Amino acid sequence: MKYKAVIFDLDGVICHTDKYHYQAWKHVADELGIYFDETINNRLRGVSRMESFEIILERYSGTMTEEEKIRYTTEKNEVYKELLKNMSPDDLTDEVKETLYELRKMGLKLAIGSSSKNARFILERLGLGDFFDAISDGNNITNSKPDPEVFVKAASFVGEEPQNCLVVEDAKAGLQAAIAGGMDCAAIGDACESDLATWKLDSFEMLKKVVA
Ligand code: BG6
Ligand code: MG
């Protein structure tokens, strides 16, 4: 086996909460009259809530106090959490579920490395609340991706050296974070646009071949 542990990003990798992030930011951007589309949204992948808002504000002509920024990011999170309430184990595809169970059978440790502060709530909605060996998320980090902190902590939570870990990511910032942390990375979805990844996945189940 090439690796001892796999560290998964959550939003856009395990599930499609990336579309809910988009809808919630769109709500705030429309309220402020700021242009926002899917291409700009791709730059928010893996980036913290406040840093995401700063990217959206690049197209804002007015000024905004720190207090107002906190108000709008809180509003975004409220809209996002309402959307998350609709999630259920049906939002976990058979492909992702079966692949996760197969990777575990292969003896790999499985962890989450997500910038989100909502990660545990989402995993519970998906029926994966107790599944992973460790969860490193937005609540245990100071610096968000592309800083490697979230993955370095995930590796240490499962007791593995970075060189024995594979990170799975849909964000360029996530690939940069994995590399900065001394880990190999597999790109899926939007991250395949970047040439930074060790592996490019055509599908989630391709992971079984990559790790073998
Ligand atoms: C990442 C998403 O997983 O989490 C980002 O890709 C998001 O788009 C970040 O900004 C923080 O999420 P949350 O749920 O704490 O606002
Ligand atoms: Mg992601």
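Note that the coordinates shown come from a computational prediction; the quantities given were computed from them, not determined experimentally.

Cut-offs applied
Residues numbered from 1 in each chain as written. Chains lettered and ligands numbered in written order. Predicted model: local features only at pLDDT ≥ 70, side-chain atom pairs only at ≥ 80, totals over all residues. Heavy atoms only, no water. Helix = DSSP H or I, 4+ residues; strand = E, 2+ residues; numbered from the N terminus. Buried < 20%, exposed > 50% of the residue type's maximum accessible area, 1.4 Å probe, protein only. Axes fitted to C-alpha atoms, helices over the stretch in contact; angles between N-to-C directions. Parallel < 35°, antiparallel > 145°, perpendicular 65-115°, else oblique. Left-handed = near helix turned anticlockwise from the far one by under 90°. Contact = heavy atoms within 4.5 Å. Nonpolar A, V, L, I, M, F, W, Y, C, P; charged D, E, K, R; others polar. Donors = N, O, S within 2.8 Å, 3.2 Å for Na, K, Ca; no water. Near = heavy atom within 4 Å. Polar contact = N/O pair within 3.5 Å; in protein donor to acceptor, adjacent residues only side chain to side chain. 1 Å grid on protein atoms, 1.4 Å probe; cavity = no way out; pocket = protein on both sides within 12 Å on 5 of 7 lines; lining within 4 Å. Sits in = over half its atoms within 2 Å of the grid points.

Moving on, we come to the side chain of Ser 115. Structurally, Ser 115 can be placed in the loop between β2 (109-113) and α6 (119-125). Overall, the relative accessible area of 15% leaves Ser 115 in the buried class.

Before going further, it helps to spend a moment on the packing of helix α1 (residues 18-32) against helix α4 (residues 66-84). Between α1 and α4, the shortest axis-to-axis distance is 8 Å and the interhelical angle comes to 140°. It follows that α1 is oblique to α4 by the angle criterion. Between α1 and α4 lies a crossing of right-handed hand. In this structure, α1 contributes Tyr 20, His 21, Gln 23, Ala 24, Trp 25, His 27, Val 28, Glu 31 and Leu 32 to the contact, and α4 contributes Tyr 72, Thr 73, Glu 75, Lys 76, Val 79, Tyr 80, Leu 83 and Leu 84. Its residues placed into classes, the contact of α1 with α4 shows ten nonpolar, four polar and three charged.

At the metal site, the magnesium ion (ligand 2) is ligated by Asp 9 (OD), Asp 11 (O) and Asp 170 (OD), and these contacts range over 2.0 to 2.1 Å. Here the donor residues of the magnesium ion (ligand 2) share one chain and are spaced in sequence as D-x1-D-x158-D. Of this pair, Asp 9 sits in the loop between β1 (5-8) and α1 while Asp 170 is found in the loop between β4 (165-169) and α8 (172-180), placing the two residues 161 residues apart along the sequence. The class of Asp 170 is buried, set by a relative accessible area of 3%.

This paragraph deals with the site of ligand 1. Taken together, 16 residues sit near ligand 1, with Asp 11, Val 47, Arg 49, Ser 116 and Lys 117 positioned nearest. In this structure, Ser 52 approaches ligand 1 through a side-chain N or O atom, which is 3.3 Å from an oxygen atom. Between an oxygen atom of ligand 1 and a main-chain N or O atom of Lys 117, the distance comes to 2.7 Å. Cavity membership is defined here by more than half of the atoms lying within 2 Å of grid points; on that basis ligand 1 lies in the largest pocket. Of all elements in the fold, only α3 (49-56) and α4 reach the threshold of two or more residues within the shell around ligand 1. Here the residues of the shell around ligand 1 sort into three nonpolar, eight polar and five charged.

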